[in-house]
Amino acid sequence: MSATSAAAQASQESFDHTDSNVVIETRNLGKTYRDFWGRKKVAALKSLDIEVQKGEIFGLLGPNGSGKSTTIKLIQGLLFPSSGRAFVFGKEARDVTKNERIGYLPEESYLYKFLNAEETLDFYGRLFDMPAAIRKERADELIKMVGLNNSRRRQLREYSKGMTRRIGLAQALINEPDLLILDEPTTGMDPIGSREMKDLIIRLRDEGKTILLCSHQLADVQDVCDRVAILHQGELRELGRVDELLKVRDVTEVHAKGLSEDLKSKIADLIKTEGGDVVSIDNPTTTMEELFLDIVQDDRPGSRPSGS
Amino acid sequence: MRIEEYQLWGYFEWLIFKFGLLHGLIVAAIVFLLGFIVCYIIGIGRYGPGEGFFRVTRVIYELLARDLPGTSLSRVYALSKLAFQEAIRRKVLVLMAVFIVVLLFAGWFLDSNTSNLAKLYISFVMTGTSYLVLLLGLFLSCFSLPADIKSKTIQTITTKPVRPTEIILGRIFGFSAVGTVLLVAMGILSYIFVYRGIEHSHAARDMADDGKSGTTFVEASHSHTFEMVTEDDGTVKYGVTDEEKSHVHTVTATEAGDKTEYQLGKPEGLLEARVPVFGQMAIYDRAGNLSSSGLNVGFESEYQTYIEGNSLMSAVWTFSGVNAKKFPNGELPIELSLKAFRTFKGDIVTGVQGEIVLRSTDGLVESDRIPFIVQEFDVDQQVIPQKLSGTVINADGDPEPKELDLFTDIAKGGKIEIQIRCIDPGQYLGLSVADLYLRAGESNFGWNMFKGFLGIWMQMVLVICLGVMFSTFLSGPVAMVATLACLILGFFGNVAMDVARGDAPGGGPIETIIRMPMQTGALVDLDLGNPTLETAIKFADQGVLYTLVTFFQAIPSFGQFNTSEFVAYGFDIFPGLIARHLTMTLCYFLLCSIVGYFFLKTRELAAA
């Protein structure tokens, strides 16, 4: 995929992090996990350079262990980089004041199970120093938005996985963040919930918010993301606009209806006589999945080629 | 109970003249210096000398410039509330139920035949409360943060604008609040338990002497005899019982028809909070000259010094502020808790005898000798009447007998000297500055018990601070063991300190290890036949011991905070002592918070 590699390289040019349109920037970001004695164990992320622009939905894609979560944790200062730096809103990742403008939905909604929905939102609202009246209003709004109005007084330990995801999303939105970081946002959600989540993500983007999401639900990524970075074994393999990446430049796709088998073979012959190759004449597939598999199809144990 | 000399220091006396402030600063300096060096060494190992130094100083800079100014009370409150809710929903209130059950059945097991029931009950409830509350603090503080890191809920917190300071303060405040609520409830129950436990009355029986005296029925394993006071008009209205089991009852006589009924009131003298006034002690040697200390009678007592009987040796206490206003009853109550050391059996029935002389500070006015018998295992109460006979040195320098007034003649300007001598030849009296004091008045028992519980509260806060600090870098169980180790060392700090200071016989750790297989006695000098080697061993031991002393000094001495004995023995807890303990608690709180901050700040919370 030479064209996409070129796109990836183009975006690897160095950037001034004070550019107000760049929300997240990583420079040569790397993370090596070490054991107690400081010996290298795993190089989870190798020299990542990406930047996320204001108002876009940026997807981080990759199989398990590819460095997606590590990247997200490095960006939020939950892990310290072994090399390079990460900036959010022009601030160092370890600076907690950047969190004022971030909403984060972790992989499994790490929330306090002994609180109910209202208490949860009130608690996280307090962490943003929000005044009581606004906190109450916002919590109420969000509970209704994520559809938990009937369970607002129930402790989270009684919640199903999908409900936990919903309250997790609500807590991520409590501060009306400018940047939303979503780790596997649709896992555990039913198809309707999943659809609602995707609609919400697009709506938030339209409101001018920036969204960084990481997922291996390829369909989700294809549906919502403006740009994606595909990570594999800690390295950046592809980076670019989704429509660009999925456009297979040396393949032409013709959509037509009502062709007879005879006509199909005639078209194939015509292509051959004109010097082209017939790859297939078939119904189109989910090409994101193909793209993904193309990049990831090394023989690895524990690989998960498709999540959809 | 014994009151240590260090407990008598006033707050500022301790802070400045007894180097409390200096000691605190040294501990803080050592902790930070050591911390900086260790962190820098790790930094060098990971990033090289230049980058390592930058990273270490950056963390310090961030604390002072960013995280401390950025700490918000609202967030601390939110995190405290969370810690509180967590504890409550983990059902810590079960502890309260345990306490109530213990109290309900305690009456069955506590020996009601003891000589002072109040002492027993107070000791019991206060010890029970402190064990429960300290255990609670230990468990809550050590496991919470590691559990949050393990369950990754901490990640949802730290991705909000939450400073590490707020996480630590939130935990400490939250858990302290839980403990406080429980402690207040336990305190109230304890007070009721003690109050109700000792309350009893007797019915009068066997009146004799024309209704002027009588005995009572047995109640609460004892009975009293009592004498009625005849008023000037010949009527009998009030009386008082003898002292039995450390208390008396007031007896009231009422006329009911042609019969007189005698009623006994509540027990008096059990729930006390005596306010002692301590003085300065000076020792005079056998020749009657001022001496720096008394005699050493061997390994008898660490804190008392001894004076010899039938010699000029004496101990003189100087008190100030002694006037009729402060002692409105017109008498001077003195309490003594001296020790006797016998070189021969003597008159074992009577006991060792001593004498008290009251003297003006200029030495011109002196009372007659007031003999007493040393009560070795109890507090000896002596009441000096206002009018007493004595001598005055006249213009010729000769003593002249005269009737004296305690306050106007002897205690001129409020200053008085009280001299103690031992009469019996060959016997010795052990005394320390706290062994003789004036009983200035009574404080409220409930208030004193509150102060005692404040001591337990401070111990609990210390445990929580230590637990939270350890849990920032250790896993739950390990943090608990570490805190427990501090707790034990803190309670039995004296033993550890003696070993560390080298006061305990047998030398330091290396010497002891050599002594054990050689089976040499601890009091014999180490003899390996090689002086160089012996010196080397002693030198190495000194190094180890010095490190240990520094280490032990950094651990709060929990035992010191335990003032329940004051409550049980009926002493008002000195305000200076409470102020000192509060200061120490505050200092440890700050120290633990800062140390915890550095660990939390430099920890990768997602890497667990």
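Because the structure is a prediction, the values reported are computed rather than measured. Position numbers for residues count from 1 along each chain, tracking the sequence in the order it is written. To label them, take the chains in the order written and letter them from A, then take the ligands in the order written and number them from 1. Local features in this predicted model are restricted to residues whose pLDDT is 70 or higher, and side-chain atom pairs enter the listing and the counts only when it is 80 or higher, whereas totals over whole chains, interfaces and linings include all residues.

Caption draft 1: Structural detail: the overall build of chain B. Secondary structure assignment for chain B yields 18 helices and 22 strands. With the C-alpha coordinates aligned to their principal axes, the bounding extent of chain B is approximately 95 × 75 × 50 Å. We call two residues in contact whenever the C-beta atoms placed from their backbones are within 7 Å. Partitioning the contacts of chain B with sequence separation of at least 6, the portion at a separation of at least 24 is 70%. Only DSSP runs of H or I with at least four residues qualify as helices, and only runs of E with at least two residues qualify as strands; both kinds are numbered from the N terminus onward.

Caption draft 2: Layout of the overall build of chain A. When helices and strands are counted, chain A shows ten helices and ten strands. Exposure in this text rests on C-beta crowding, where 20 or more other C-beta atoms within 10 Å of a residue's own make it buried, 12 or fewer make it exposed, and counts in between make it partly exposed. The C-beta atoms are placed from the backbone. Within chain A, the proportion of its 308 residues that are buried is 43%. Of the contacts formed within chain A by residues at least 6 apart in sequence, a portion of 68% connects residues at least 24 apart.

Caption draft 3: Up close: the nonpolar core. Core analysis: the largest hydrophobic core is formed by 160 residues, its most contacted members being Val 88 of chain A together with Cys 465 of chain B. Counting residues per element, this core draws most heavily on helix α7 (residues 117-150) of chain B, which supplies 17 residues. Here, a nonpolar core means buried Ala, Val, Leu, Ile, Met, Phe, Trp, Tyr and Cys residues linked by C-beta atoms lying within 7 Å of one another. By size, the runner-up hydrophobic cluster in this structure holds 37 residues, among which are Tyr 306, Val 316, Ile 420 and Leu 438 of chain B.

Caption draft 4: Seen up close, the pairing of strand β17 (residues 380-385) of chain B. Residue and element names in this part refer to chain B. Along β17, only zero of the six residues are buried, which leaves the element largely exposed. Here, a strand pair is defined by DSSP locating no fewer than two bridges between the strands. With six bridges joining them, strand β12 (residues 331-336) and β17 adopt antiparallel strand pairing. Within β17, the position partnered with Leu 332 by the bridge is Ile 384.

Caption draft 5: Focus on the environment of Pro 328 of chain B. For Pro 328 of chain B, the position within the fold is in the loop between β11 (314-319) and β12. The exposed category is assigned to Pro 328 of chain B, around which 8 C-beta atoms lie within 10 Å.

Caption draft 6: Quick peek at the interface of chain B and chain A. Between chain B and chain A, the residue contacts involve 25 residues of the former and 24 residues of the latter. Elements represented by at least two residues in the side of chain B that touches chain A include exactly α3 (20-47), α5 (73-89) and α8 (153-158) of chain B. Here the side of chain B that touches chain A takes seven residues from α5 of chain B, the largest share from any one element. By residue class, the composition of the side of chain B that touches chain A is seven nonpolar, ten polar and eight charged. Ten residues, namely Ala, Val, Leu, Ile, Met, Phe, Trp, Tyr, Cys and Pro, are considered nonpolar, four, namely Asp, Glu, Lys and Arg, are considered charged, and the remaining ones, Gly among them, are considered polar.

Caption draft 7: How the structure looks around the sheet that holds strand β7 (residues 274-278) of chain B. Residue and element names in this part refer to chain B. The strand order across the open sheet formed by four strands is β7-β22-β12-β17, and the pairing between neighbours is antiparallel. Where the open sheet ends on each side, the last strands, each with one partner, are β7 and β17. On average, each strand axis in the sheet is inclined to that of its neighbour by 40°, with strand direction left out of account. Here β7 pairs with strand β22 (residues 436-442) via five bridges, running antiparallel. Along β22, the bridge assignment pairs Pro 276 with Arg 439. For helices, the fitted axis covers only the stretch in contact; all axes are lines through C-alpha atoms, and the angles between them, taken along N-to-C directions, range from 0 to 180 degrees.

Caption draft 8: Representation of unusual backbone geometry within the structure. Its identity is not glycine, yet Ser 47 of chain A carries a phi of approximately 45°, on the positive side. Inspection of the secondary structure assignment puts Ser 47 of chain A in strand β2 (residues 40-53). Here Ser 47 of chain A falls in the partly exposed class, since 16 other C-beta atoms lie within 10 Å of it. You will see that Asn 310 of chain B, though not glycine, has its phi angle at about 55°, which is positive. Of note, Asn 310 of chain B is situated in the loop between β10 (305-308) and β11.

Caption draft 9: Main features of the sheet that holds β10 of chain B. Residue and element names in this part refer to chain B. Pairing is antiparallel in the open sheet, where three strands are placed in the order β10-β21-β13. Looking at which strands have only one partner, the edges of the open sheet turn out to be β10 and β13 (339-342). If you compare each strand with its neighbour and ignore which way they point, the axes differ by 30° on average. Across four bridges, the pairing between β10 and strand β21 (residues 427-431) is antiparallel. If you follow Glu 308 over to β21, its bridge partner there is Tyr 428.

Caption draft 10: Highlighting the pairing of strand β19 (residues 399-405) of chain B. Residue and element names in this part refer to chain B. Examined bridge by bridge, strand β18 (residues 387-393) and β19 share seven bridges and lie antiparallel to one another. Note on β19: the bridge partner recorded for Lys 387 is Asp 405. Here β18 hands over to β19 after five residues, with Gly 397 in that stretch at a positive phi of 90°.

Caption draft 11: Quick peek at the packing of helix α6 (residues 94-109) of chain B against helix α9 (residues 164-198) of chain B. All names here are of chain B. Between α6 and α9, whose axes approach to 11 Å, the crossing angle comes to 10°. With respect to their mutual orientation, α6 and α9 come out roughly parallel. Contacts between α6 and α9 involve Leu 95, Met 96, Phe 99, Ile 100, Leu 103 and Gly 107 from the former and Leu 182, Ala 185, Met 186, Leu 189, Phe 193 and Gly 197 from the latter. Residues of the contact of α6 with α9, tallied by class, amount to ten nonpolar, two polar and no charged. In what follows, roughly perpendicular refers to angles from 65 to 115 degrees, roughly parallel to angles under 35, roughly antiparallel to angles over 145, and oblique to any angle outside these ranges.

Caption draft 12: Summary view of the confidence of the model for chain A. On a range of 0 to 100, pLDDT expresses the predictor's confidence in each residue. Of all residues in chain A, 83% attain a pLDDT of 70 or more, and the chain-wide mean is 80. Taken together, the stretch residues 1-17 of chain A has pLDDT below 50 and engages in 20 contacts with residues farther than four places along the chain or on a different chain.

Caption draft 13: Up close: the packing of helix α3 (residues 117-127) of chain A against α5 of chain B. Here α3 of chain A crosses α5 of chain B at 150°, and the two axes come no closer than 8 Å. Considering the angle they form, α3 of chain A stands roughly antiparallel to α5 of chain B. Contacts between α3 of chain A and α5 of chain B involve Phe 123, Arg 126 and Leu 127 of chain A from the first element and Ser 74, Arg 75, Ala 78 and Leu 82 of chain B from the second. Across the contact of α3 of chain A with α5 of chain B, the residue classes tally to four nonpolar, one polar and two charged.

Caption draft 14: Spotlight on the environment of Glu 4 of chain B. All names here are of chain B. Relative to the helices and strands, Glu 4 is located in the segment before α1 (5-8). A count of 13 C-beta atoms within 10 Å places Glu 4 in the partly exposed class. Expressed as a C-alpha distance, the spacing of Glu 4 and Lys 402, which sit 398 residues apart in the sequence, is 38 Å. Other than its neighbours up to four places away in sequence, Glu 4 contacts Tyr 303 and Ala 434.

Caption draft 15: Structural context of the confidence of the model for chain B. Residues with a pLDDT of 70 or more make up 99% of chain B, whose mean pLDDT is 87. When pLDDT is averaged over each element of chain B, helix α11 (residues 445-471) of chain B comes out on top at 94 and helix α13 (residues 493-501) of chain B at the bottom at 71.

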